[in-house]
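# Architecture at a glance
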Amino acid sequence: MKRHIPNAITCCNLMCGCMATFLAFNATQYPRYFVLAVIAIIAGAVFDFFDGMVARLLNVSSPIGKELDSLADVITFGVAPSALVFSLFQQVQYPESVDFLRKVLPYSAFLMAAFSALRLAKFNLDTRQTTSFIGLPTPANALFWGSIIIGQYPFLTSGRFNALFLLAFMILFCWLMVAEIPLFALKFKNLSWAENKIKYIFLAGCLPLLLLGYSALAAIIVWYVALSIYEVRRAAH
């Protein structure tokens, strides 16, 4: 029976993704559903964190568990955030020059689901990503969009923002998921400053960002990417 426990946890992740997707699509009519959808994505992320840990603790890791984990992640961290952006596209302002795209442009949000699937496929095959990441992880991308939408909803739907900006940001994050950009992982082999300097700087920088409320996760993810890129450039020189 114990060999089924990690897969059951993974299925909980998948179910959270399905609920988040449903709620996100309905946020077009009920904007408060954005918050519920993000809560479901966060719950999925928690299940995603624990399924692998439980599998290792019980020593029941299996190939089917790895495949199931990727399938669940495509839903929770690919389709669900795409649905969030789809609904946001229907609520943002459109410049007059592109108003004729109002009924078509929202469907571009599903590019995120496609790039998330590509990112997960690359991760499963890339042996370089055992101790760090190359490209933005899909959970980080999903949490960024969830955080920025519920934290900055009044601004995103105001005249100071529009559909073209949203499209540009979405394309940027799609690229970040598959870009050959090394990103450090928050895994500590020891507590020494010399070996974990970048991680300690990251954690220290996160503290003031927590004051941003609902937008904190989005700001932390931007800080994480920026610090990783800085570290790569510093190491290259």
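Provided above is the structure to which this section pertains.
These numbers were taken from a predicted model, which means no experiment stands behind them. (Residues numbered from 1 in each chain as written. Predicted model: local features only at pLDDT ≥ 70, side-chain atom pairs only at ≥ 80, totals over all residues. Heavy atoms only, no water.)

### Some words on the environment of Tyr 200
- Residue placement: Tyr 200 occurs in helix H8 (residues 193–209).
- Between the C-alpha atom of Tyr 200 and that of Ala 109, which follows or precedes it by 91 residues, the distance is 35 Å.
- Non-local contacts of Tyr 200, meaning those with residues more than four positions away in its chain, are made with Phe 188, Leu 191, Ser 192 and Trp 193. (Helix = DSSP H or I, 4+ residues; strand = E, 2+ residues; numbered from the N terminus. Contact = heavy atoms within 4.5 Å.)

### Description of helix H1 (residues 5–26)
- A rise of 1.5 Å per residue sets the reference length of H1, with its 22 residues, at 32 Å; its end C-alpha atoms lie 32 Å apart and thus fit the reference within 8%.
- Every buried residue of H1 is listed here: Pro 6, Asn 7, Ile 9, Thr 10, Asn 13, Cys 16, Gly 17, Ala 20, Thr 21, Leu 23 and Ala 24. (Expected span 1.5 Å × (residues − 1). Buried < 20%, exposed > 50% of the residue type's maximum accessible area, 1.4 Å probe, protein only.)

### A look at the pattern of salt bridges
- Counted by the stated rule, this structure contains 2 salt bridges.
- One salt bridge in this structure joins Asp 99 and Arg 102, with 2.8 Å as the shortest N-O distance.
- Accessibility expressed as a relative area gives 34% for Asp 99, which makes it partly exposed.
- We classify Arg 102 as partly exposed; its relative accessible area is 37%.
- When the shortest N-O distance is used, the salt bridge between Lys 122 and Glu 180 registers 3.6 Å. Residue Lys 122 is located in helix H4 (residues 111–125), and its partner Glu 180 is located in the loop between helix H7 (163–178) and strand S2 (182–184); the two are separated by 58 residues in the primary sequence. (Salt bridge = Lys/Arg side-chain N within 4 Å of Asp/Glu carboxyl O.)

### Side note on the layout of surface pockets
- Looking at the largest pocket, its volume works out to about 1,800 Å³.
- For the largest pocket, the lining is made up of 49 residues, of which Asp 48, Phe 49, Phe 123, Phe 133 and Pro 139 are closest to its centre.
- If you list the elements that add at least two residues to the lining of the largest pocket, you get H1, helix H2 (33–58), helix H3 (63–89), H4, strand S1 (132–134), helix H5 (138–151), H8 and helix H9 (216–236).
- Top contributing element to the lining of the largest pocket by residue count: H2, with 10 residues.
- Classifying every residue of the lining of the largest pocket by side-chain character gives 26 nonpolar, 14 polar and 9 charged. (1 Å grid on protein atoms, 1.4 Å probe; cavity = no way out; pocket = protein on both sides within 12 Å on 5 of 7 lines; lining within 4 Å. Points joined across faces, edges and corners; volume = space filled by probe spheres on them. Nonpolar A, V, L, I, M, F, W, Y, C, P; charged D, E, K, R; others polar.)

### A short note on the nonpolar core
- In terms of nonpolar packing, the biggest core is built from 55 residues, with Phe 89, Leu 136 and Met 170 touching the most fellow members.
- Elements with a minimum of two residues in this core: H1, H2, H3, H5, H7, S2, H8 and H9.
- Leaving out residues up to four positions away in the same chain, Met 170 has contacts with Val 85, Phe 89, Ser 108, Ala 109, Leu 111, Met 112 and Trp 145. (Core = buried A, V, L, I, M, F, W, Y, C linked by side-chain atoms within 4.5 Å.)

### Side note on the packing of aromatic side chains
- Tallied over the entire structure, the rule returns 18 aromatic pairs.
- Ring centres 5.3 Å apart and planes at 35 degrees place the aromatic pair Tyr 30 and Tyr 33 in the tilted group.
- Note on Trp 193 and Tyr 200: the rings are 6.0 Å apart at their centroids and 10 degrees apart in plane angle, and the pair reads as stacked.
- Take Tyr 200: its relative accessible area is 25%, and that puts it in the partly exposed class.
- Members of the aromatic cluster, joined through ring pairs, are Phe 25, Phe 86, Tyr 107 and Phe 110. (Phe/Tyr/Trp six-rings, centres within 6.5 Å; stacked < 30°, edge-to-face > 60°.)

### Examining the side chain of Ser 147
- Checked against the element boundaries, Ser 147 lands in helix H5.
- For Ser 147, a relative accessible area of 3% puts it in the buried group.
- Side-chain polar atoms of Ser 147 contact the backbone nitrogen of Leu 217, separated by 3.4 Å.
- In contact with Ser 147, other than residues within four places in its own chain, are Gln 152, Tyr 214, Ser 215, Ala 216, Leu 217 and Ala 218. (Polar contact = N/O pair within 3.5 Å; in protein donor to acceptor, adjacent residues only side chain to side chain.)

### Thoughts on the packing of H4 against H5
- Axis separation between H4 and H5 bottoms out at 10 Å; the angle between their running directions is 155 degrees. The pairing of H4 with H5 is recorded here as roughly antiparallel in orientation. Contacts between H4 and H5 pair Met 112, Ser 116, Arg 119 and Leu 120 from the former with Thr 138, Asn 141 and Trp 145 from the latter.
- The residue inventory of the contact of H4 with H5, partitioned by class, reads 3 nonpolar, 3 polar and 1 charged. (Axes fitted to C-alpha atoms, helices over the stretch in contact; angles between N-to-C directions. Parallel < 35°, antiparallel > 145°, perpendicular 65-115°, else oblique.)

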